[in-house]
Amino acid sequence: MTELWDEMKAYAKIHQVPILRDAELPLFRGLVTAARPSSVLEIGAAIAYSTLQIASCLAAESRITTIEIDAERIAAARDFIGRSPYGPMIRLLEGDGTALLDGLDETWDFVFLDGPKGQYSRQLAKIMPKLRPGAVVVADNISYHDMFYIEGTVPHKHRTAVGRLHEFLDMIYDDDRFESVFFENGDGMTVSRWKG
Ligand SMILES: C[S@@+](CC[C@H](N)C(=O)[O-])C[C@H]1O[C@@H](n2cnc3c(N)ncnc32)[C@H](O)[C@@H]1O
């Protein structure tokens, strides 16, 4: 996989696709490996870099459903998945992650939210009834480029998204069924364990 990881990182750089940073990988891979999930949901596949990182931590019987809305990134993701050893583990769905959740019947033991930050709270509300006891929910870019901390100075165009991120944080911190921690590395990541 080393060559494919390098190729994906180079593609992401050229096409300005935001993917998991090297500094985030040890924590992220450690979380996936420790959770040993058999059923994973990801929203925001981009070119499937994180998807393949997840797959490479899992047993071959595990299954990953990942959702991406951008046609060009979907095409790149399909190509990279096809050239990896993990194709049979991965189902890539095309469209809006929040809307597509309504059509998914599976239950999940690992969820990675990495699509539109303003939709994390709506997505989580739909996902909660489908979480298996002990499931782990990871949400990336929680600091929203540090604007989360300085709400008073958030530019108007970002205020709704920042407000919705607050809603999401209220959900994972105020609901006793979640145990949540925040990691500052990268752009901020929350990790929540669903006690059910
Ligand atoms: C930060 S990138 C994902 C990076 C990827 N998880 C990784 O680390 O390799 C966010 C992705 O979410 C996608 N996205 C934006 N809105 C979406 C939506 N409504 N449904 C699904 N994906 C969406 C974007 O096109 C973008 O590719």
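The structure this text deals with has already been given above.
Quick summary incoming for the structure in this document. Quick caveat, the model's predicted, so the values are computed rather than measured.

**Re the overall build of the protein chain**
The helix and strand tally for the protein chain stands at 7 helices and 7 strands. Moving toward the C terminus, one meets the helices and strands of the protein chain in the order α-α-β-α-β-α-β-α-β-α-β-α-β-β. Radius of gyration (C-alpha) of the protein chain: 16 Å, near the 16 Å computed for a compact globule of 196 residues. Overall, the C-alpha framework of the protein chain stretches about 45 × 40 × 30 Å when taken along its three principal axes. Expressed as a percentage of its 196 residues, the buried residues of the protein chain come to 35%.

**So, the pairing of strand E5 (residues 131-140)**
E5 sits mainly inside the fold: 7 of its 10 residues count as buried. Relative to E5, strand E4 (residues 108-113) runs parallel, the two sharing 5 bridges. Bridging across to E5, Val111 finds its partner in Val137. Taken together, E4, helix H6 (residues 120-127) and E5 constitute a β-α-β crossover, and its handedness is right-handed. Relative to strand E7 (residues 189-194), E5 is paired through 5 bridges, and the arrangement is antiparallel. Residue pairing for E7: Val138 is matched across the bridge by Val191.

**What to know about unusual backbone geometry**
In this structure, Gln16 is a non-glycine residue whose phi angle is positive, near 55°. Topologically, Gln16 is positioned in the loop between helix H1 (2-15) and helix H2 (25-35). For Gln16, a count of 6 C-beta atoms within 10 Å corresponds to the exposed category. One non-glycine residue, Ala46, adopts positive backbone phi at about 50°. Summarising the element assignment, Ala46 is placed in the loop between strand E1 (39-43) and helix H3 (49-55). When the 24 C-beta atoms within 10 Å are taken as the criterion, Ala46 is described as buried.

**A closer look at the pairing of strand E2 (residues 63-68)**
Bridge count between E1 and E2: 5 bridges; the pairing is parallel. Counterpart to Glu42 in the pairing with E2 is Thr66. Between the parallel pair E1 and E2, the chain is carried across by H3, and the sense of this crossover is right-handed. One ladder, built from 5 bridges, connects E2 with strand E3 (residues 90-94); its direction is parallel. Residue pairing in the sheet places Thr66 in a bridge with Leu92 of E3. Once you follow E2 into helix H4 (residues 71-82) and on to E3, the crossover reads as right-handed.

**What to know about the site of the ligand**
The environment of the ligand is made up of 19 residues, and the closest members are Ile19, Gly44, Tyr49, Ser50 and Gly97. Among the secondary structure elements, those contributing two or more residues to the shell around the ligand are H3 and E2.

**Regarding the environment of Leu41**
Considering the arrangement of structural elements, one finds Leu41 in strand E1. Note: C-alpha distance between Leu41 and Phe80 (39 residues apart in sequence) is 19 Å. Contact partners of Leu41, with chain neighbours within four places excluded, come to Thr65, Trp108 and Val111.

**A look at the environment of Trp108**
Checked against the element boundaries, Trp108 lands in strand E4. Among the residues examined, Trp108 registers 22 C-beta atoms within 10 Å and is labelled buried. Separated by 67 residues in the primary sequence, Trp108 and Leu41 have C-alpha atoms spaced 6.6 Å apart. In this structure, Trp108 is in contact with Ser39, Val40, Leu41, Ile127, Lys130, Leu131, Arg132 and Ala135, ignoring residues within four places of it in sequence.

**Brief notes about the environment of Gly188**
One can find Gly188 in the loop between strand E6 (178-183) and E7. Note on Gly188: 19 C-beta atoms within 10 Å, which makes it partly exposed. Once residues lying within four places of it in the same chain are set aside, the contact partners of Gly188 are Asn141, Ile142, Ser143 and Phe182.

Rules used in this analysis
Along each chain, numbering runs from 1 in the same order as the chain's sequence is written. Given that the model is predicted, a residue must reach a pLDDT of at least 70 before its local features are reported, and side-chain atom pairs must reach 80 or more before they are shown or counted; all residues, however, enter totals for whole chains, interfaces and linings. Helix and strand definitions follow DSSP, with helices as H or I runs of at least four residues and strands as E runs of at least two, each counted in order from the N terminus. For the radius of gyration, the atom set is restricted to C-alpha positions; the globular benchmark scales as 2.2 Å times the number of residues to the power 0.38. Residues with at least 20 other C-beta atoms within 10 Å of their own are called buried, those with 12 or fewer are called exposed, and the rest are partly exposed. The C-beta atoms themselves are positioned from the backbone. We call two strands paired when DSSP finds no fewer than two bridges between them. By convention, a crossover is right-handed whenever its connection, traced from the first strand over the helix to the second and viewed with the strands pointing away, goes clockwise. Only the C-beta atom matters for this test: placed from the backbone, it must lie within 6 Å of a molecule or strand for the residue to be near it. The contact criterion used here is simple: two residues whose C-beta atoms, placed from the backbone, lie within 7 Å are in contact.

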